[in-house]
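# Tertiary structure, described
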Amino acid sequence: MTTETEAPRERLRPRILETEETGRLELNLQPPPEAHLPAPRTQRSRSPLRVAAAGLGILVLGVIGIDFVQFIDGAFAHGAGLGIAATAAVAAGCGGAVYWLGAELRGLWRLRSAERLRSLIPFALTGELKAEIDAAAAILAADPLLSEAVARYRAVREPHHSGRDALELFSRFVLAPADRLAEAAIRRAATQAFAINAISPTALLDTLLFAARALRLIREIAEIYGQRPGLAGTVHLLRRLASGAGMVGAVDLAGGILVQQLGGAVMERLSASAAESAYAAQKMARLGIIAMALCRPIDFRPGEVPSLRSLVSGLLKADRQ
Amino acid sequence: MGARLLAPEADEVPPFPLEQTVAALAADPPHWPASTTDLRRVRLVLRFSSAGLLRLLGGTAELTVELLDYPGEWLLDLPLLQQSYGDWSRATFALARRGVRAPLARDWLDFLARHPADRTGDPQTALQAYELYRDFLAACRDREQLSLLQPGRFLNPGQIADPSLLQFCPMPLAIGARAPPGSLAALMEARFEAYRRVIVQPFFTQLARNVDRQIVLVDVLRALNAGEEAFADHRLALDTILAAFRFGRRSLLRRLFGARIDRVLFAATKADHVPALQRDHLEALMANLVEAPSLRAKAARARAAAAALASIRCTEDGTDVIDGRKVDIVVGLPEGGERRIRFFPGIVPVTPPPTGFWGERFTEFPVFQPPRITSAAGDGIPHINLDKALDFLLEDALA
């Protein structure tokens, strides 16, 4: 058996080629990458509600603190043993509170780290980009579902890879599996939103259940992207969700297309309540995509944003059957 | 949020000719401003909305940026501060007798053979020897595209009050030998020391006092296409200069006792002479060339990065077919020309190329006409990676 190998081709040398084209080039300025810069802070007068809340907070903390001191003091008045037990109980309570605070702060810090990385990556030089992506990989490595994917990324990334190569590998090996997990979570939530809407007896209960499920979805997605937000982290995410929904304009566009398609082809055939349930599912899916955009350590690249259609079409098919 | 130029200070550093530079680029047709031949300074005040504590107080922050521009060749004098005349002479002779330098150095070496180092030195002989040495350096630069051409001011002197300070050249001195008093070698050595003391030392003292961010511009593309020896020489020049850099993290103590460079960007210039796909290669090659100094900088807790840069973009990307292969090229209007040209810069390797890579030299790099800019403030200029370079250099200061 013989094997034919292609003869090595000669390296092309630099050269200048004449053209018949004349005139100056019209070079356009590159649009700056979207940095999602925070909106300029408007000068606001101190809100009376905030001042009152801060005052009340100090009052509550003061009362609790004094109560604790009195509680321990009273216990010691009944005997040393009781006093020590009371001190230990208060210390355990305070320790628990500090632990909770620490967990909250850690969750918030992870969230902030991911947000900082996302703002740095569009401006990073190739060499720096690798360091930023490795930092993002370190965040995702903490997620048990993605630790294997991160290990695979680390195994394939070589020192000679450029920043763009590293970004490509990170997208392929880590973000793609994370996106699939997030999409699965969105599908689950959309199905449940559909069901909640269908079986809920009152509009109020429907709204409450929808909000609870949406909150759970946001936390699920944040956890998939390695952020494990606590209460403060969830509030931060909700605030960003409220202010940054425009970040994924593509979602709205995809939604519009879906509505057009549904409006013409499907919705007419569905009953009014089923149509409402479909809209609830679509809203949940849209919320999920926006949460994905917020929690991903790297912005979606063109073509990576999951379409609403792909997330809810199976649901509608199931319903029609 | 805004920027303003500060009036030049009344000291010995002349201001950067900003208006003339903008006028050259805004002319019809636009042309490149004259290249830097001396130390120039421009000071800017940037006003920005701080993301730090100041933001909570609702205030704006200001940052004064002082840009120092000087011919890159002058950096070649930095290593001279750590060398004796004898050491420098021996290193220069060893180089001059090797490779493509040898035929170019013949006239100068013949002259030195006729005028031994221990012969009584007179200024006229020193002047002749200097002129022959300078011509040798010029030939190395112009004909062979070499870069390690010391002293740096011989080919780009700038404003020097006493030209006799430059009138010296290396002399053959054995290791441990001292130039006899009154000899030609002693005269040359005295001028070398005066050159270091009067010109080199004050310049670098000024830089060390003020500079904590550095951009090193490297014409990697030209070196790559000038042949194996020119490329190796370029690397050697880079290594020689960068070995003398002082890196270190910025701190108050260091500011008091002389700044250290805490961020350095190695920028491969002419990024607009290669198509987009190859810019990553250019950047990787740049990073590879400065790997050792980058590690040294990182060990000193400074930050180092490499980039492919074009502060003014003059071309657009396109494709062509060369020898039956579809290749990416760049298209631009050559300066002074009427017809656009399509330029294929060759294949840029990501690591220093092996011996088999080198072929015929290519030195006729096109000079493209810059895009015409408007002189109105606030209008941008097309560029490649300049924003990223500034972000790397100033990101912490603008936080």
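Since this is a predicted model, take the numbers as computed values, not measurements.

## As for the overall build of chain A
When helices and strands are counted, chain A shows ten helices and one strand. Each helix and strand of chain A, ordered N terminal to C terminal, gives the series β-α-α-α-α-α-α-α-α-α-α. Per-residue burial for chain A yields a buried fraction of 37% across its 321 residues. A fraction of 71% describes how many contacts in chain A between residues 6 or more apart in sequence connect residues 24 or more apart. When the accessible surface of chain A is split by element, carbon and sulfur atoms take 62% of a total near 18900 Å².

## Looking at the overall build of chain B
Looking only at helices and strands, one finds 13 helices and nine strands in chain B. Within chain B, the fraction of its 399 residues that count as buried is 49%. Here the analysis covers contacts within chain B between residues at least 6 apart in sequence; of these, 75% occur between residues at least 24 apart. Carbon together with sulfur atoms contributes 54% to the accessible area of chain B, which is approximately 19100 Å² in total.

## Considering the sheet that holds strand β6 (residues 303-308) of chain B
Residues and elements named next belong to chain B. Taken together, the three strands give an open sheet; going across it, the order is β4-β5-β6, and neighbouring strands pair in parallel fashion. Strand pairing shows two members of the sheet lacking a second neighbour, β4 (213-218) and β6, which therefore form its edges. Each adjacent strand pair in this sheet contributes to an overall mean axis angle of 15 degrees, direction not counted. Bridging between strand β5 (residues 263-268) and β6 involves six bridges; their strand directions are parallel.

## Regarding the interface of chain A and chain B
Facing the 33 residues of chain A at the interface are 53 residues of chain B. Both sides of the chain A and chain B interface together cover about 4100 Å² of buried area, and 53% of this is carbon and sulfur. Where chain A meets chain B, there are three salt bridges. With its nearest N and O atoms 3.8 Å apart, the salt bridge here joins Asp323(B) to Arg15(A). Scanning the region where chain A abuts chain B turns up four residue pairs in polar contact (both at pLDDT 80 or more). Mapped by element, the contributors of at least two residues to the side of chain A that touches chain B are β1 (15-22) and α3 (126-141) of chain A. No other element matches β1(A), which puts eight residues into the side of chain A that touches chain B. Looking at the side of chain A that touches chain B residue by residue, the classes come out as 13 nonpolar, eight polar and twelve charged. Inspection of the sheet shows β1(A) paired to strand β9 (residues 339-344) of chain B by five bridges, in the antiparallel sense. The residue of β9(B) that forms the bridge with Leu17(A) is Arg342(B).

## What to know about helix α9 (residues 228-243) of chain B
Residue and element names in this part refer to chain B. Between its first and last C-alpha atoms α9 spans 22 Å; for 16 residues at 1.5 Å apiece the expected length is 22 Å, and the two agree. Residues of α9 that are buried: Ala230, Phe231, Asp233, His234, Ala237, Leu238, Ile241 and Leu242. All buried residues of α9 fall inside an arc of 160 degrees around its axis, so they share one side.

## Let's talk about the pattern of salt bridges
Throughout the structure, instances matching the rule amount to 28 salt bridges over all chains. The residue Glu20(A) makes a salt bridge to Arg339(B) at a minimum N-O spacing of 3.7 Å. Placement of the pair is Glu20(A) in strand β1 and Arg339(B) in strand β9, with the two residues belonging to separate chains. One salt bridge connects Asp396(B) with Arg263(B), and the closest N-O pair in it is separated by 3.8 Å. Of the two residues, Asp396(B) sits in the segment after α13 (386-394) while Arg263(B) sits in strand β5, which places them 133 residues apart along the sequence. We classify Arg263(B) as buried; its relative accessible area is 6%. Through salt bridges that share partners, Arg213(B), Asp262(B), Arg263(B), Arg303(B), Glu395(B) and Asp396(B) make up one connected network.

## Section: the sheet that holds strand β2 (residues 40-49) of chain B
Residue and element names in this part refer to chain B. Taken in spatial order, the three strands line up as β1-β2-β3 in an open sheet, and their pairing is antiparallel. Looking at the sheet topology across the chains shown, the edges are occupied by β1 (2-5) and β3 (60-69). Across this sheet, the average inter-strand angle for adjacent strands is 20 degrees, counted without regard to direction. Where β2 meets β3, ten bridges bridge the pair, whose relative direction is antiparallel. The residue bridging Val45 from the neighbouring strand is Thr64, located in β3.

## With respect to the packing of aromatic side chains
Residue and element names in this part refer to chain B. As enumerated under the stated definition, the model contains 20 aromatic pairs over all chains in all. Ring geometry for Tyr70 against Phe203: centres 5.1 Å apart, planes inclined by 80 degrees, an arrangement best described as edge-to-face. Linking Tyr70 in the loop between β3 and α3 (85-96) with Phe203 in helix α7 (residues 184-210), this pair joins segments that are 133 residues apart in sequence. Of the two residues, Tyr70 and Phe203, both sit in the buried class.

## Examining the confidence of the model for chain A
Residues and elements named next belong to chain A. Here chain A averages 75 in pLDDT, while 77% of its residues score no lower than 70. Per-residue pLDDT stays below 50 along residues 1-8; that stretch engages in zero contacts with residues further than four places along the chain or on separate chains. The low-confidence segment residues 34-43, where pLDDT is below 50, has ten contacts with residues more than four positions distant or belonging to other chains.

## Things to note about the environment of Val220(B)
Residue and element names in this part refer to chain B. Relative to the helices and strands, Val220 is located in helix α8 (residues 220-225). Val220 sits in the buried class, given a relative accessible area of 1%. Once you skip the residues sitting within four places of it in the chain, Val220 turns out to touch Ala268, Leu282, Leu285, Met286 and Leu289.

## Quick look at the environment of Thr240(B)
Relative to the helices and strands, Thr240(B) is located in helix α9. Separated by 164 residues in sequence, Thr240(B) and Leu76(B) have C-alpha atoms that sit 7.6 Å apart.

## Observations regarding the side chain of Glu220(A)
Among the secondary structure elements, Glu220(A) is positioned in helix α6 (residues 203-224). Apart from the residues within four sequence positions on either side, Glu220(A) is in contact with Ala185(A), Arg188(A) and Arg213(A).

## Notes on helix α5 (residues 106-114) of chain B
Residues and elements named next belong to chain B. Taken together, the buried positions of α5 are Trp108, Leu109, Phe111 and Leu112. Viewed end-on, α5 has its buried residues packed into an arc of 155 degrees, placing them on one side of the element. Opposite the packed face of α5, turned more than 90 degrees from it, sit the exposed residues Asp107, Ala113 and Arg114.

Rules and cut-offs
- Within every chain, residues take consecutive numbers counted from 1 along the sequence as written.
- Key to labels: chains lettered from A, ligands numbered from 1, both in the order written.
- In keeping with the predicted nature of the model, local features appear solely for residues at pLDDT of at least 70, side-chain atom pairs appear and are counted solely at 80 or more, and the whole-chain, interface and lining totals rest on all residues.
- Remark: hydrogens and water are excluded; side-chain values derive from all non-hydrogen atoms of the structure.
- Comment: elements are numbered from the N terminus, with helices defined as DSSP H or I runs of at least four residues and strands as E runs of at least two.
- For every residue, the accessible area obtained with a 1.4 Å probe (protein chains only) is divided by the maximum for its type, and the residue is called buried under 20%, exposed over 50%, and partly exposed between those limits.
- By definition in these notes, contact holds between two residues if any of their heavy atoms fall within 4.5 Å.
- A 1.4 Å probe and the Shrake-Rupley method give the accessible areas. Residues count as covered only by the protein chains that appear here.
- Here a strand pair is declared whenever DSSP counts at least two bridges between the two strands.
- Each axis is a line fitted through C-alpha atoms, and for a helix only the stretch in contact is used; angles between axes span 0 to 180 degrees, taken between their N-to-C directions.
- A quick way to say it: buried area is the sum, across both parts, of accessible area lost when two parts are put together, with a 1.4 Å probe.
- Whenever Lys or Arg places a side-chain nitrogen within 4 Å of a carboxyl oxygen from Asp or Glu, that contact is recorded as a salt bridge.
- Polar contacts, as counted here, are pairs of nitrogen or oxygen atoms within 3.5 Å of one another; within protein the pair requires one atom able to donate a hydrogen and one able to accept it, and residues that are adjacent in sequence qualify only if both atoms are side-chain atoms.
- Here the term charged refers only to Asp, Glu, Lys and Arg, the term nonpolar to Ala, Val, Leu, Ile, Met, Phe, Trp, Tyr, Cys and Pro, and the term polar to all other amino acids, Gly among them.
- To estimate how far a helix should reach, multiply one less than its number of residues by 1.5 Å.
- Regarding the arc, it is the one traced by the directions from the helix axis to the C-beta atoms.
- When the centres of two rings from Phe, Tyr and Trp lie within 6.5 Å, Trp using its six-membered ring, the rings pair. Their planes under 30 degrees apart give stacked, over 60 give edge-to-face, and anything left gives tilted.
- Each residue carries a pLDDT score, the predictor's own confidence in it, on a scale running from 0 to 100.

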